Amino acid sequence: MRMKADNRNGSNSVFRVLLSYAKPHRWTFLLVFGCTVLAISADLAQPYLVKIAIDDNIMVGRNDYRSLLIICAVYLGLSVAGFLFTYLQNNLLQYAAQSVVARIRKDLFAHITKLSMSFFDRTPSGSLITNVSSDTETLNQFFSQVLLSVVRDGFTLVFIIVIMFQLDATLAVYCLILLPIIALIAIGFRSYMRKTYQNSRTALSRLIAFAAENLAGMSLIQAFHQEKEQTNRFTDRNQIYFSANLREIRTNVLFNRSFDVLGSLSVAFVTWLGGVAVFDRTIEFGVLYAFITYIRQFFQPISSITQQWNTLQSTTVSVNRIWNLFSVQPEVKDPERPYDADWSRIAGKVDFDRIQFGYSDGMPVLHDLDLHIAPGEMIGIVGTTGAGKSSLIGLLCRFYDVQKGSVRIDGIDVRELPQEKLHRLVGLVQQEPYLYAGSIVDNVRMFDESISREEVVRACRFVGADALIGRMKDGYDTMLSERGSGLSAGEKQLISFARIIVFQPKILILDEATANLDSYTEQLIQRALKAVSAHRTTLVIAHRLSTVMQADRIVVMRGGRIVEQGTHAQLLAQHGYYEELYLHSRGKAEIGAG
Ligand SMILES: Nc1ncnc2c1ncn2[C@@H]1O[C@H](COP(=O)(O)OP(=O)(O)OP(=O)(O)O)[C@@H](O)[C@H]1O
Ligand SMILES: [Mg+2]
């Protein structure tokens, strides 16, 4: 509710959230503020010191070497102080800014991992990559550039104006005539600069999203000889980004140079007015010198503040995108009052109670499905592609929630179980097992350090993966690259099998897990499966009916419904759909063999 209200209020409240992230670093930011003021004072005092040297020493002709020397020493001291405070200010600010952004990035990633599968069904991963990488980078710029510029340049301007009035009010008033002209130029450029900036940002995020998508599907591109087409499509996006970038740079250069020209004009202006005044002896020469120096310094902060305006705009866009993502609530939520039980007592009874389910598009995939599984039972699930087998077990893992009916484990609705507990109870080996970049050991224990190496080795031996791992370069410490490339599909299956064994789930689900294994390895797995499934409820989805022939019960699915169930022999005796499937697969096997 609160998040929704925030969105409606727009950027204001978003920045309030940003502020809450900055709050733990408030002392650092305060220190940065102090250092900035000191650094500016030290820098701006320098021309004033030279003015004193000129007017009070050099021009009076007293040949007072000692005072001159002191002034020079103070000047030097001021430079050193300016350097020190600028250094401190930069370091402190960077520290605080980077900490804030790192924290946001971490929270964002943690938030994304909690979102439901339905969210990932509709959100391309490329756009999430942009959120986590370049949007947080924009935030970084906000803290390290915008904030700094507003404080530093703002103060510099105020200081310079005050000093100019101190030096000579008349000349200062003349200089202020320039301000409206500056404002006009800045405003004129502003909207154009914002547009070019945003164009290049959008082009960049499109480019990143495209690259991410293609890298993920590289084998497909090569298999279909799409290298040229995809490279062409990439080149298009690259070209757009290139032009957008160039346009942005050109605008920036034009803007900066206009300010430089304006700066030079004002120097000429001041030199003329001030020079005449020096001739008339209404001002001293040192004052003119200081004026010329200050008026030069006057333009730099204005141009830099104007430029930050664009970063500020894009920060608003990025922050909004990040907060929109933060405000997405997982559809599958932990219960408010989670069911608490002695988890070791869970027997593994599974009930699908007249469930109805469809993915977000609303088309029902499972219709009024009723299935009850006794603890320790081994169920085979068969059916053609798209029958809803994976969807069914996805509900048991609670990747999605049912629309009608309920899924229960030992009589407890899965919606009442804390998800963490549920995923410990239910172990899933998927159609395409996913391996992470990391060692074999870490892949088997899923980076959970509380599981010992011995347990991993035991599990691998149990599923018969140790021979395979023994052949690898570094054995159990062999590093796998992303997605486990370098391993065959069957090898990945074996490793994901070991993964399941290590976690000791009460309910074991194999989705097509034996499809990629050769018959020797499949036998290994079958034996392992028999051993593991002995004390657990096991659901095995298979196209190859030989895999599930041994099951206590076989459930036949068709079009989101259970059409037949029973043992292999009972089903064959029915001469129904199962027999059709069976004969078909037998026929295929014979054709394959023959
Ligand atoms: N993430 C998803 N979003 C929308 N529809 C989906 C999604 N996943 C599956 N479906 C649809 O749900 C139906 C059932 O798919 P499911 O994956 O459960 O089939 P399956 O029986 O596991 O098939 P297979 O044997 O090919 O694995 C299909 O019509 C499919 O198009
Ligand atoms: Mg499936």
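What counts, and at which threshold
- For every chain, the first residue of the written sequence is number 1, and numbering continues from 1 along that sequence.
- Both sets of labels track the order of writing: A upward for chains, 1 upward for ligands.
- Thresholds applied to this predicted model are a pLDDT of at least 70 for local features of residues and 80 or more for the giving and counting of side-chain atom pairs; totals over whole chains, interfaces and linings are not thresholded and use all residues.
- Only hydrogens and water are removed before side-chain values are computed, so all heavy atoms of the structure are retained for them.
- Helix numbering and strand numbering both begin at the N terminus, where a helix is a DSSP run of H or I of at least 4 residues and a strand a DSSP run of E of at least 2.
- Taken over C-alpha atoms, the radius of gyration is set against a globule rule of 2.2 Å times the number of residues to the power 0.38.
- Each residue gets one of three labels from its accessible area relative to the maximum for its type: buried under 20%, exposed over 50%, partly exposed in between, using a 1.4 Å probe on protein chains only.
- Residues count as neighbours in contact if any of their non-hydrogen atoms are within 4.5 Å of one another.
- Note on areas: Shrake-Rupley, 1.4 Å probe, and residue coverage restricted to the protein chains presented here.
- Charged residues are defined here as Lys and Arg on the positive side and Asp and Glu on the negative side; His and the ends of the chain fall outside this count.
- Every charge is mapped onto a representative atom, which is NZ of Lys, CZ of Arg, CG of Asp or CD of Glu.
- Strands were regarded as paired on the criterion that DSSP finds at least two bridges between them.
- Each residue carries a pLDDT value, the predictor's own confidence for that position, ranging from 0 to 100.
- For every element, the axis is a line fit to its C-alpha atoms; helices are fit only across the contacting stretch, and the angle between N-to-C directions ranges from 0 to 180 degrees.
- Between the rings of Phe, Tyr and Trp (Trp by its six-membered ring), a pair exists once the centres lie within 6.5 Å; its type follows the angle of the planes, with under 30 degrees stacked, over 60 edge-to-face, and the other angles tilted.
- Side-chain atoms within 4.5 Å link the members of a nonpolar core, which is a set of buried Ala, Val, Leu, Ile, Met, Phe, Trp, Tyr and Cys residues.
- Put simply, angles under 35 degrees are roughly parallel, angles over 145 are roughly antiparallel, angles from 65 to 115 are roughly perpendicular, and the rest are oblique.
- Crossing chirality is assigned from the near helix's rotation relative to the far helix, an anticlockwise turn below a right angle marking it left-handed and a clockwise turn marking it right-handed.
- Note on residue classes: Ala, Val, Leu, Ile, Met, Phe, Trp, Tyr, Cys and Pro are nonpolar, Asp, Glu, Lys and Arg are charged, and everything else, Gly too, is polar.
- Residues are classed as near a molecule or strand on a simple rule: at least one heavy atom within 4 Å of it.
- Counting of polar contacts relies on pairs of N or O atoms within 3.5 Å, with two restrictions inside protein: one atom must be capable of donating a hydrogen and the other of accepting it, and residues adjacent in sequence are counted only when both atoms are side-chain atoms.
- Patches here are clusters of residues that have more than 30% relative accessible area and form no salt bridge, with a 9 Å joining cutoff for like charges and a 5 Å cutoff for nonpolar side chains (Val, Leu, Ile, Met, Phe, Trp, Tyr).
- Salt bridges are defined by distance alone: a side-chain nitrogen of Lys or Arg within 4 Å of a carboxyl oxygen of Asp or Glu.
- Domain boundaries shown here were taken from an automatic or database domain assignment.
- For any pair of parts, buried area is found by adding up, for both, the accessible area (1.4 Å probe) each one loses once the two are put together.

Asks: Residues and numbers for the overall build of the chain, please.
Replies: The secondary structure content of the chain amounts to 21 helices and twelve strands. Expected size for 594 residues packed as a compact globule is a radius of gyration near 25 Å; at 36 Å, the chain overshoots this value by more than 25%. In terms of overall dimensions, the chain has C-alpha extents of about 120 × 50 × 45 Å along its principal axes. Expressed as a percentage of the 594 residues in the chain, the buried residues total 45%. Long-range pairs, those at least 24 residues apart, make up 77% of the contacts in the chain between residues at least 6 apart in sequence. Accessible area of the chain: about 31,300 Å², with a carbon and sulfur share of 58%. One finds the centroid of the 60 positive side-chain charges in the chain at a distance of 3 Å from the centroid of its 55 negative side-chain charges.

Asks: Quick one: what's the story with the pairing of strand E9 (residues 507-511), residue by residue and with numbers?
Replies: Most of E9 sits out of view: five of its five residues are buried. The side-chain alternation of E9 yields two buried faces, one formed by Ile507, Ile509 and Asp511 and the other by Leu508 and Leu510. Pairing of strand E6 (residues 426-429) with E9 involves four bridges; the strand directions are parallel. The residue bridging Val429 from the neighbouring strand is Leu510, located in E9.

Asks: Let's hear about the confidence of the model for the chain: which residues, and what values?
Replies: Scored by pLDDT, the chain comes out at a mean of 85, with 95% of its residues at no less than 70. No element of the chain has a lower mean pLDDT than helix H1 (residues 2-9), which averages 40, and none a higher one than strand E1 (residues 350-358), which averages 95.

Asks: Which residues make up the environment of Pro338, and what values do they have?
Replies: Secondary-structure assignment places Pro338 in the loop between helix H11 (285-326) and E1. Residue classification places Pro338 among the partly exposed residues on the basis of a relative accessible area of 43%. With 129 residues separating them along the chain, Pro338 and Ala209 place their C-alpha atoms 39 Å apart. The contacts of Pro338, once residues within four sequence positions are left out, are Glu416 and Pro418.

Asks: Could you give an account of the sheet that holds strand E3 (residues 378-383), naming the residues involved and the relevant values?
Replies: Sheet architecture is open: six strands sit in the order E6-E9-E10-E3-E11-E12, paired in mixed fashion. Bordering the open sheet on either side are E6 and strand E12 (561-566), each of which pairs with just one other strand. Adjacent strand axes in the sheet meet at a mean angle of 20°, parallel and antiparallel pairs treated alike. The strands touched by helix H17 (residues 489-503) are E6 and E9; relative to E6, the strand with the most contacts, the crossing angle is about 175°.

Asks: Any details on the packing of aromatic side chains? Residues and values, ideally.
Replies: One pass over the full model with this rule turns up 19 aromatic pairs. Here Phe189 and Phe255 contribute two aromatic rings whose centre-to-centre distance is 5.0 Å and whose plane-to-plane angle is 75°, an arrangement assigned as edge-to-face. With Phe189 in helix H8 (residues 178-216) and Phe255 in helix H10 (residues 227-279), this residue pair connects regions lying 66 residues apart in the sequence. The same class applies to Phe189 as to Phe255, namely buried. With a centroid separation of 4.9 Å and an interplanar angle of 55°, the aromatic rings of Phe255 and Phe259 are classed as tilted. A residue pair is termed a helical-turn pair when its members lie 3 or 4 positions apart in one helix, as Phe255 and Phe259 do in helix H10 at four residues. As far as burial versus exposure is concerned, Phe255 and Phe259 are alike and both buried. One aromatic cluster in this structure is built from Phe189, Phe255, Phe259, Phe298 and Phe299.

Asks: Could you give an account of the nonpolar core, naming the residues involved and the relevant values?
Replies: Ranked by internal contacts, the top residues of the largest apolar core, which has 44 residues, are Val382, Ile440, Val444, Cys460, Tyr476, Val556 and Tyr578. If you tally residues by element for this core, the top one is H17, at seven residues. If we ignore the near neighbours within four places in the chain, the residues touching Val556 are Val382, Arg561, Ile562, Val563, Glu564, Leu571, Tyr577, Tyr578 and Leu581. Of all hydrophobic cores here, the second largest spans 34 residues; its members include Ile373, Ile409, Ile412 and Val555.

Asks: Quick rundown of the packing of helix H4 (residues 65-114) against helix H6 (residues 125-167)? Include the residues and the values.
Replies: Where H4 meets H6, the axes come as close as 9 Å, and the angle between the chain directions of the two elements is 155°. With respect to H6, the element H4 is oriented roughly antiparallel. As H4 runs across H6, the sense of the crossing is right-handed. Of H6, the residues touching H4 (which contributes Gln89, Asn90, Leu93, Gln94, Ala97, Gln98, Val100, Val101, Ile104, Arg105, Leu108 and Ile112) are Leu128, Asn131, Val132, Thr136, Leu139, Asn140, Phe143, Ser144 and Leu148. Looking at side-chain class alone, the contact of H4 with H6 contains twelve nonpolar, eight polar and one charged residues.

Asks: Quick one: what's the story with the site of ligand 1, residue by residue and with numbers?
Replies: Near ligand 1 there are 13 residues, and of these Gly386, Lys389, Ser390, Ser391 and Gln431 occur at the shortest range. Note that an oxygen atom of ligand 1 is positioned 3.3 Å from one of the side-chain N or O atoms of Thr385. Relative to its unbound accessible surface of 630 Å², ligand 1 loses 65% to contact with the protein. At three residues, the largest contribution of residues to the shell around ligand 1 is made by helix H12 (residues 389-396). A class-by-class count of the residues in the shell around ligand 1 yields four nonpolar, seven polar and two charged.

Asks: Now, about a nonpolar patch on the surface: what can you tell me, with residues and values included?
Replies: There is a patch of nonpolar side chains on the surface, built from Ile58, Met59, Phe285 and Tyr289 and spanning about 400 Å² of accessible area. Tracing the chain through its elements places Met59 in the loop between helix H3 (26-58) and H4.

Asks: Describe the domain arrangement of the chain, naming the residues involved and giving the relevant values.
Replies: What the domain assignment lists for the chain is domain 1 (21-327) and domain 2 (346-593). Domain 1 and domain 2 are separated by 56 Å when their C-alpha centres are compared. Taken together, the contact pairs five residues of domain 1 with four residues of domain 2. Note on domain 1 versus domain 2: buried area summed over both sides is about 360 Å², and carbon and sulfur give 53% of it. Here domain 1 is connected to domain 2 by one residue pair in polar contact (both at pLDDT 80 or more).

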